[in-house]
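Listed here are the chains, written in short residue letters.
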Amino acid sequence: MGDVHELALAMPHVTVHRPGTDHPVYQVGSKSFVFFRTPRPDAVDPATGERYDDVIVIWVGDDRDKLALVQDPTSPCFTTPHFDGHNSVLVRASRLGEIDVDELRELIQDAWLAQASKRRAAAWLAGHSA
């Protein structure tokens, strides 16, 4: 989980909020791009019914990106009906090991790009072209 924090903080203009919890919310320009949810009734263990206590919400660029991640059987990303129409995916911190660091970096960079202003996104992309 430390990788998520490190990668999110590596992006420019990031602020961290902790709105009444220990769970950080990473924002760019007052827009969240990664945050850690408190346990909620929409994300539960199907075997026990227990609420997941380690869900991370990560923004994506659009619905196509979301579907590609949640429909990939090898991806630990998922969604719930609560997030229908919302350009984000969920992943349990306990399953982050299934995502290699380069893929996680790309996921978090894409989340930042999805929420950053056009000017900030263009400036970051200009400095990170292949």
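Anything mentioned here points back to the structure above.
Residues numbered from 1 in each chain as written. Predicted model: local features only at pLDDT ≥ 70, side-chain atom pairs only at ≥ 80, totals over all residues. Heavy atoms only, no water.

A.B. asks: Can you lay out the sheet that holds strand β4 (residues 55-59) for me, pointing to particular residues and giving the numbers?
C.D. replies: With antiparallel pairing, five strands are arranged side by side in an open sheet as β1-β2-β3-β4-β5. The open sheet has two free edges, formed respectively by β1 (14-17) and β5 (88-92), since each of these has just one partner strand. Taking each pair of neighbouring strands and ignoring which way they run, the sheet shows an average axis angle of 25°. Both strand β2 (residues 25-28) and strand β3 (residues 31-36) contribute to a ladder of four bridges, which runs antiparallel. Counted as the bridge partner of Y26 is V34 from β3. (Pairing = 2+ DSSP bridges. Helix = DSSP H or I, 4+ residues; strand = E, 2+ residues; numbered from the N terminus. Axes fitted to C-alpha atoms, helices over the stretch in contact; angles between N-to-C directions.)

A.B. asks: Explain the packing of aromatic side chains to me, and be specific about the residues and the numbers.
C.D. replies: What the rule picks out here adds up to three aromatic pairs. Centroid distance F35 to W59: 5.9 Å. Interplanar angle 55°. Geometry classified as tilted. With a gap of 24 residues between them, F35 in strand β3 and W59 in strand β4 connect regions that are remote in the sequence. (Phe/Tyr/Trp six-rings, centres within 6.5 Å; stacked < 30°, edge-to-face > 60°.)

A.B. asks: How would you explain unusual backbone geometry if you had to name every residue and give the values?
C.D. replies: A positive phi angle, near 60°, is found at H13, a position not held by glycine. Not every positive phi belongs to a glycine, and S30 is a case in point at roughly 65°. Take S30: it is sitting in the loop between β2 and β3.

A.B. asks: Just give me the short version of the pattern of salt bridges, but keep the residues and values in it.
C.D. replies: Tallying each qualifying case throughout the model produces six salt bridges. Here D42 makes a salt bridge to R37, at a shortest N to O gap of 2.8 Å. A relative accessible area of 22% means that D42 is categorised as partly exposed. For R40, the salt bridge is made with D42, and the minimal N-O distance between the two is 3.7 Å. Note on R40: relative accessible area 32%, which makes it partly exposed. Through salt bridges that share partners, R37, R40 and D42 make up one connected network. (Salt bridge = Lys/Arg side-chain N within 4 Å of Asp/Glu carboxyl O. Buried < 20%, exposed > 50% of the residue type's maximum accessible area, 1.4 Å probe, protein only.)

A.B. asks: Which residues make up the nonpolar core, and what values go with them?
C.D. replies: Judged by nonpolar contacts, the single largest core of 35 residues is most densely connected at F33, V34 and I56. Every element with two or more residues in this core is listed here: α1 (2-10), β2, β3, β4, β5, α3 (101-115) and α4 (118-127). What I56 contacts, discounting residues up to four positions off in sequence, is V4, V34, F35, F36, V89, L90, V91, A93 and L96. (Core = buried A, V, L, I, M, F, W, Y, C linked by side-chain atoms within 4.5 Å. Contact = heavy atoms within 4.5 Å.)

By themselves, these figures tell us nothing about what the structure is for.
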